Amino acid sequence: MNPQIRAAGPAAIKVLTSHSSFSVLDALAPAFEQATGRQVAVEADSAKTMLARIKDGETGDIVILGKAVVEELVKLGLAVAGTPRPFARARVGIAVRAGAPRPDISSVESFKRAMLDARSIAHTVHGASGMYVPVMLERLGIAAQMKPKTVTRPGGYIARVVAAGEAEIAIQQIVELLAVPGVDLVGPLPDEIQKVFETSAAIFTAAKQPKTAETLLGFLLTASSARV
């Protein structure tokens, strides 16, 4: 799937992130723009692809990616030491097409049965949660059974595949599932097999507007923004 872009003028603060943070940033940006008069441009790709793009020389003012990835960017000198701060914590869940029966996923055993009973499941390949799904299925001992009925996409909002009727169940970070119309969130994975993804925000070393970037980071971490 193609990158997601929140377009703005050439003087905008540029944020590079993954798909999991795009909808949140898109929702928060208008309030910041109204309060400061500064535009915010956001570009999102799968976590793996965005990291590769940054390592290949792409930059901006702010980066928001997985905590470990941001720490790596600091070590590489691509993000400013001392600027990383926690941005969000996201859990993995499943969604079905709007109006479809919701499987029981209240326990590990019921979740496992739901996966085996499903006609098809969908996950991304390069997204953080997408890379976790094969690991989880292996842990459950059903990887071989699930392989023939698994639909994948490189990245993006995998629930779109379910909304289009191309798969029965989508597995992804809950924030990404909620961003797609036409699907119903069933709920999070059981705690025993849950994966919590922590994202961090930092300022790029090559930031053209470091002071404004610091202001944006502060805004993103206010109590009102946290509710979003």
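Residues numbered from 1 in each chain as written. Predicted model: local features only at pLDDT ≥ 70, side-chain atom pairs only at ≥ 80, totals over all residues. Heavy atoms only, no water.

1. A closer look at the nonpolar core
Right, on to step 1. Counting residues in hydrophobic clusters, the biggest one holds 46 residues, and the most contacted among them are Val15, Ile54, Ile64, Leu216 and Leu220.
Right, on to step 2. Here the element with the most residues in this core is helix H1 (residues 19-36); it accounts for 6 residues.
Right, on to step 3. Apart from the residues lying within four places of it in its own chain, the contact partners of Ile54 are Leu16, Val63, Leu65, Leu73, Leu78 and Phe204.
Right, on to step 4. Counting 23 residues, the second-largest nonpolar core is a separate cluster that includes Val133, Leu137, Met146 and Ile171. (Core = buried A, V, L, I, M, F, W, Y, C linked by side-chain atoms within 4.5 Å. Buried < 20%, exposed > 50% of the residue type's maximum accessible area, 1.4 Å probe, protein only. Helix = DSSP H or I, 4+ residues; strand = E, 2+ residues; numbered from the N terminus. Contact = heavy atoms within 4.5 Å.)

2. Considering the pattern of salt bridges
Right, on to step 1. Scanning the model with the defined rule gives 13 salt bridges in all.
Right, on to step 2. A salt bridge links Glu58 to Arg53; the nearest nitrogen and oxygen atoms lie 2.7 Å apart.
Right, on to step 3. One continuous salt-bridge network, built from bridges that share partners, spans Lys14, Glu43, Asp45, Arg53 and Glu58. (Salt bridge = Lys/Arg side-chain N within 4 Å of Asp/Glu carboxyl O.)

3. Notes on empty space enclosed by the protein
Right, on to step 1. Per the stated rule, a full pass over the model turns up 1 cavity of 30 Å³ or more.
Right, on to step 2. By volume, the largest cavity amounts to about 40 Å³.
Right, on to step 3. Looking at the largest cavity, the residues that line it are Val15, Leu25, Leu28, Ala29, Phe32, Val40, Leu216, Phe219 and Leu220.
Right, on to step 4. Among the elements of the structure, H1 and helix H9 (210-220) are those that each provide at least two residues to the lining of the largest cavity.
Right, on to step 5. Top element by residues in the lining of the largest cavity is H1. It accounts for 4 residues.
Right, on to step 6. In terms of residue class, the lining of the largest cavity is built from 9 nonpolar, no polar and no charged. (1 Å grid on protein atoms, 1.4 Å probe; cavity = no way out; pocket = protein on both sides within 12 Å on 5 of 7 lines; lining within 4 Å. Points joined across faces, edges and corners; volume = space filled by probe spheres on them. Nonpolar A, V, L, I, M, F, W, Y, C, P; charged D, E, K, R; others polar.)

Remember that the coordinates give geometry; whether it matters functionally is a separate question.
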